[in-house]
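# Close look at the chain arrangement
Given next are the chains, with one letter for each unit.
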Amino acid sequence: MIRVVIVDDEPLARDVVREFLSADEEFEIVAECANGFEAVKSVSTHDPDLIFLDIQMPKLDGFEVLSLLDKTPTVVFVTAHDEFALRAFEVNAIDYLLKPFSEARFGEVLRRVKAQAGRRAEPATLASALRARPLQRIVMRGEDGTIEVVPASRVDYVEADDDRILIASAGRKLAKQQTIGELASELDPDRFVRIHRSYLLNIDRIEKLELYAKDSRIAILRDGTRLPVSRAGYTRLKELL
Amino acid sequence: MTEWRAPLLAAFAVAAASLIASTLLFIRDGVTAPQATLAALGPSLLFGFIGLAARYPCKVLPLRSTDISRMLLTHGGAAGVASSAWILAWNAWLPFVSGPPAGASTLIGLGVVMYALAVTLHYLLIEIETSRAAEESALRYQMLAREAELKALKAQIDPHFLFNSLNAVASLCGSRPADARQMAQLLADFFRMTLRVGPLERISLAKEIELVSRYLAIEKVRFGQRLAVEVTIEDGAGDWLVPPLLLQPLMENAVRHGVASMVEGGTVKIAASVAQGMLRIEIENPADPDRDDAGGEMIGLQNARGRLSAISGGRASLRTSETAGRFLVEIEVPR
């Protein structure tokens, strides 16, 4: 039995997937979700083998949902937009269904899923997916399962903390399992500068720079936070300002 | 270079004709043909220039818009000058050849005929040029107009709206065929109406609201409970004229970037009223402040802004604001 979760914010779009799936007894629908939050929760709870995933949804889009999953099931994207196809295959989606789709095309997807049964995409490959444009929002999951969404424009700075990062935004610090270098490569390079091995700074937040010692400086942010700036970081900062 | 091809062609034809005529006149004097041709070369070359120069009176007096008397006067005078030049050329040429080829009246007659030939050729060529240019520019304008129309239509309606709606139709076919039929009908009505009002310069606000309501009815089938709509049109506002498809893209924004970004959905409100000689339209929708596109102005808005400023010379306006999760578009259109 292949256990399936259907994720789409339109009820009618879920209906058609359910209808086509009901023709094949090997598939069992364990949950249906109407938005990204539900999807993350549902996949964690049910640990399905296969997920039909819409891309444009409220709160979290399909890619953000995948980035928040610990164990990634086999993914089939279902969307009316063909411009995400490249990214979909970069995150190891097994197929990409363009709405509307025929039953024959859907059958093809199911055959492909069965042929691949037992083999799952490695979550590690998901995070390194290339992006067509800089990351606009950072999504993360807390230890209690809650999901936080922080728009990139509201990030003050990011701090490395062992194997995780702390994202500082409006006085709060939110933890995410990611390396600072990886996040730096995803964010807009014209806005976020690696001022130090352990700090990534939103340049809009800088109030002033102060010389601290020979070859080392301190960035003072609008809210008064003081962050160290390394020599290499200062060079990068100067280039941008 | 192309603009010189026609006059040169005419001049060459005139020079060739006068060369043949002069050669024949010389042969009658008992000279061999090559000698006669050589002797005729000089004056013929001059007529070639006269033939070229004849283009200018032709340009100044277009065939279609000049009255006959003025044309006869000008060209008659020019023909006289040309013939005189022709006779002078012959006289200057005489020492090099064995006597005059013909009497003065023959030469004058020949000069007039040559000039008439030049004028006829120029008029003919100018006429061909004009009609070809007219054809080309008509074609170009047609293409530009078509392009603009397509561009406008393309910008107005998001193709994904069509794909998603067709997906809803496909889904309904399985479970609720009657609803599928109704959805197909809604789509057909909406697109037909869009095509019908699209080329018009202005339509009444009531008509635009009717179009927008059809669009929203389709979206309601897709979004179900998540989408609610409230329309309030005050007395007098419905007759006001607006550019067609002004509100439609704004509705698309309100649904796609607004209601669709909310887990629980929300209400799109449209209100229109008339105050101080201006039509005021307000479109309000809920929007997730954390949505992906937050902060950037959508194409639909830019488009509407551009069209409004184009129609009213800056007196119409479009303002947007966002507070506490509600996105507001305010439009003012003068009469």
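Because the structure is a prediction, the values reported are computed rather than measured. (Residues numbered from 1 in each chain as written. Chains lettered and ligands numbered in written order. Predicted model: local features only at pLDDT ≥ 70, side-chain atom pairs only at ≥ 80, totals over all residues.)

## Brief notes about the interface of chain B and chain A
- At the junction of the two partners, chain B supplies 23 residues and chain A supplies 21 residues.
- Residue assignment for the side of chain B that touches chain A shows that the elements contributing at least two residues are α6 (159–175) and α8 (205–223) of chain B.
- A per-element tally of the side of chain B that touches chain A places α6(B) first, with 11 residues.
- Of the residues contributing to the side of chain B that touches chain A, the split by class is 10 nonpolar, 9 polar and 4 charged. (Contact = placed C-beta atoms within 7 Å. Helix = DSSP H or I, 4+ residues; strand = E, 2+ residues; numbered from the N terminus. Nonpolar A, V, L, I, M, F, W, Y, C, P; charged D, E, K, R; others polar.)

## Describing the confidence of the model for chain A
- Residue-level pLDDT values for chain A average 87, and 93% of them are 70 or greater.
- The low-confidence segment residues 123–130 of chain A (pLDDT under 50) makes 16 contacts with residues lying over four places distant or belonging to another chain. (pLDDT = per-residue confidence, 0-100.)

## Overview of the packing of α6(B) against helix α7 (residues 177–197) of chain B
Residue and element names in this part refer to chain B.
- Across the interface, α6 lies against α7 with an axial gap of 7 Å and an inter-helix angle of 160°. With respect to their mutual orientation, α6 and α7 come out roughly antiparallel. Two packed elements cross with a definite hand, and for α6 against α7 that hand is left-handed. Note on element contacts: α7 touches α6 through Pro177, Asp179, Ala180, Met183, Ala184 and Leu187, opposite Ser165, Ala168, Val169, Leu172 and Cys173.
- Among the residues forming the contact of α6 with α7, the class breakdown is 9 nonpolar, 1 polar and 1 charged. (Axes fitted to C-alpha atoms, helices over the stretch in contact; angles between N-to-C directions. Parallel < 35°, antiparallel > 145°, perpendicular 65-115°, else oblique. Left-handed = near helix turned anticlockwise from the far one by under 90°.)

## Some thoughts on the pairing of strand β13 (residues 206–213) of chain A
Residues and elements named next belong to chain A.
- Burial of β13 is sparse: only 0 of the 8 residues sit out of reach of the surface.
- As defined by bridge partners, β13 adjoins strand β14 (residues 216–221) across 6 bridges and the pair is classed as antiparallel. Bridged to glutamate 210 within β14 is isoleucine 218.
- The antiparallel pairing of β13 with β14 creates a hairpin that spans 2 residues between the two strands, and aspartate 215 there sits at a positive phi of about 65°. (Buried ≥ 20, exposed ≤ 12 C-beta atoms within 10 Å, placed from the backbone. Pairing = 2+ DSSP bridges.)

## Regarding the sheet that holds strand β12 (residues 199–202) of chain A
All names here are of chain A.
- Spatially, β10-β9-β8-β12-β11 is the arrangement adopted by the 5 strands of the open sheet, whose pairing is antiparallel. Taken across any chain shown, the strands that pair with only one partner, and hence form the sheet edges, are β10 (172–176) and β11 (192–196). Direction aside, the axes of adjacent strands within the sheet are offset by 25° on average.
- Here strand β9 (residues 164–169) pairs with β10 via 5 bridges, running antiparallel.

## Points about the pairing of strand β5 (residues 278–286) of chain B
Residues and elements named next belong to chain B.
- With 7 bridges joining them, strand β4 (residues 266–275) and β5 adopt antiparallel strand pairing. Each bridged residue has a counterpart across the sheet, and for alanine 275 the counterpart in β5 is methionine 278.
- A loop of 2 residues connects β4 with β5, the two strands running antiparallel in sequence, and glutamine 276 in this loop sits at a positive phi of about 50°.
- As paired elements, β5 and strand β7 (residues 326–334) share 9 bridges and run antiparallel to each other.

## Quick word on the environment of B:Asn285
Residues and elements named next belong to chain B.
- Along the chain, asparagine 285 turns up in strand β5.
- A sequence separation of 42 residues divides asparagine 285 from phenylalanine 327, and the C-alpha atoms of the two residues are 5.3 Å apart.
- Apart from residues lying up to four places away in sequence, asparagine 285 is in contact with Ala254, Gly258, Val259, Gly266, Val268 and Phe327.

## Focus on the confidence of the model for chain B
All names here are of chain B.
- Looking at chain B, the pLDDT average stands at 83 and 89% of residues meet or exceed 70.
- No element of chain B has a lower mean pLDDT than helix α10 (residues 299–312), at 75, and none a higher one than strand β2 (residues 227–233), at 95.
- The ipTM value of the predicted complex is 0.73, and its pTM value is 0.64.

## Re unusual backbone geometry
- Cis rather than trans, the peptide bond between A:Lys99 and A:Pro100 has omega equal to -10°.
- Examined against the element boundaries, A:Pro100 turns out to sit in the loop between β5 (95–98) and α5 (103–115).
- Despite not being glycine, A:Lys59 shows a phi value in the positive range, around 70°.
- Relative to the helices and strands, A:Lys59 resides in the loop between β3 (50–53) and α3 (62–67).
- Phi angles above zero are rare outside glycine, and B:Ala324 is one such case at about 45°.

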